[in-house]
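So you can see what is in the structure, the chains are spelled out below.
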Amino acid sequence: RACCPPRWRGTSTSPSTDQRKPRRESIRSPGGSGVLRGEDVSMDFVGLIPAAGRATRLAPFRYPKELLPIGYELTPQGGARPRAVAEYGVEAIKAADIDRLFFVVAPWKLDVVTYFGDGAQFGVSVGYLYQEEARGLPHAVDIAYPWIGGRHVALVLPDTIITPADALSSAG
């Protein structure tokens, strides 16, 4: 099951057929003299943030570790608001010019959905994929596969601070 912003929703909860099939295109070197990467490479990227774990090592805290406030951001009104640790990953995805991302969430992580919403406040489009039980990172990626298809994936762990903020965009 998945819930996504309205503009991503169709009449069904499965991705469209064009999302399931990788696009065939080649990436040419700057001079056009050769292919830099394989022939089934798509330049379309999507961000993926798995956030369905139980965070048992954070006991006795009972809220999602992705929302742990670890810094503050100044507001236009001159105040400060706490920044959740997962915001740093979202910021890195945005800095890499990736405009779509998915959070993989579990039933006990709905606060993540409430916090990030459709992503407009963070300048990205956010969708949510539902994982009923925490079965690890490979399972989260497997759940996301029909939605990411042949796109490149920027996998960001939500409890990791990525610095500098443009680290994903400068990797390459």
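Our structure's up above, just so we're on the same page.
Residues numbered from 1 in each chain as written. Predicted model: local features only at pLDDT ≥ 70, side-chain atom pairs only at ≥ 80, totals over all residues. Heavy atoms only, no water.

I'd love a proper account of the overall build of the protein, names of residues and values included.
Within the protein, the secondary structure is distributed over 5 helices and 7 strands. Reading the helices (α) and strands (β) of the protein from amino to carboxyl end gives β-α-β-β-β-α-β-α-β-α-β-α. Expressed as a percentage of its 172 residues, the buried residues of the protein come to 35%. Long-range contacts, defined here as pairs at least 24 residues apart, represent 65% of the contacts in the protein between residues at least 6 apart. A total accessible area of about 10300 Å² is found for the protein, and carbon and sulfur atoms account for 53% of it. (Helix = DSSP H or I, 4+ residues; strand = E, 2+ residues; numbered from the N terminus. Buried < 20%, exposed > 50% of the residue type's maximum accessible area, 1.4 Å probe, protein only. Contact = heavy atoms within 4.5 Å. Areas by Shrake-Rupley, 256 points an atom, 1.4 Å probe, with all protein chains shown as cover.)

How would you explain helix α2 (residues 85–95) if you had to name every residue and give the values?
Across the 11 residues that make up α2, a large majority, 8, are buried. Those residues of α2 not exposed but buried are V85, A86, E87, Y88, G89, V90, A92 and I93. Following α2 by one or two positions, D97 adopts a phi angle in the positive range, close to 65 degrees.

Outline the side chain of E66, supporting the account with residue identities and numerical values.
Of note, E66 is situated in the loop between β2 (45–51) and β3 (69–74). For E66, a relative accessible area of 1% gives the class buried. Discounting chain neighbours no more than four positions away, the residues touching E66 are A51, A84, V85, A86, K109, V112 and P158.

Any chance you could break down helix α4 (residues 137–148) for me, citing the residues and the numbers?
Between its first and last C-alpha, α4 extends 15 Å over 12 residues, near the 16 Å set by a 1.5 Å rise per residue. Considered for burial, the residues of α4 that qualify are H139, A140, A144, W147 and I148. G149 lies just past α4 and shows a positive phi near 50 degrees. (Expected span 1.5 Å × (residues − 1).)

Which residues make up the packing of aromatic side chains, and what values go with them?
Evaluation of the coordinates by the stated rule reveals 7 aromatic pairs. These aromatic residues form a ring-pair network of at least three members: F103, Y115, F116, F122 and Y128. Across from the ring centre of W108, 3.8 Å away, lies the NZ or CZ of R54, which sits over that ring. Sitting over the ring of Y88, R83 keeps its end group 4.2 Å from the ring centre. (Phe/Tyr/Trp six-rings, centres within 6.5 Å; stacked < 30°, edge-to-face > 60°. Lys NZ or Arg CZ within 6 Å of the ring centre and 35° of its normal.)

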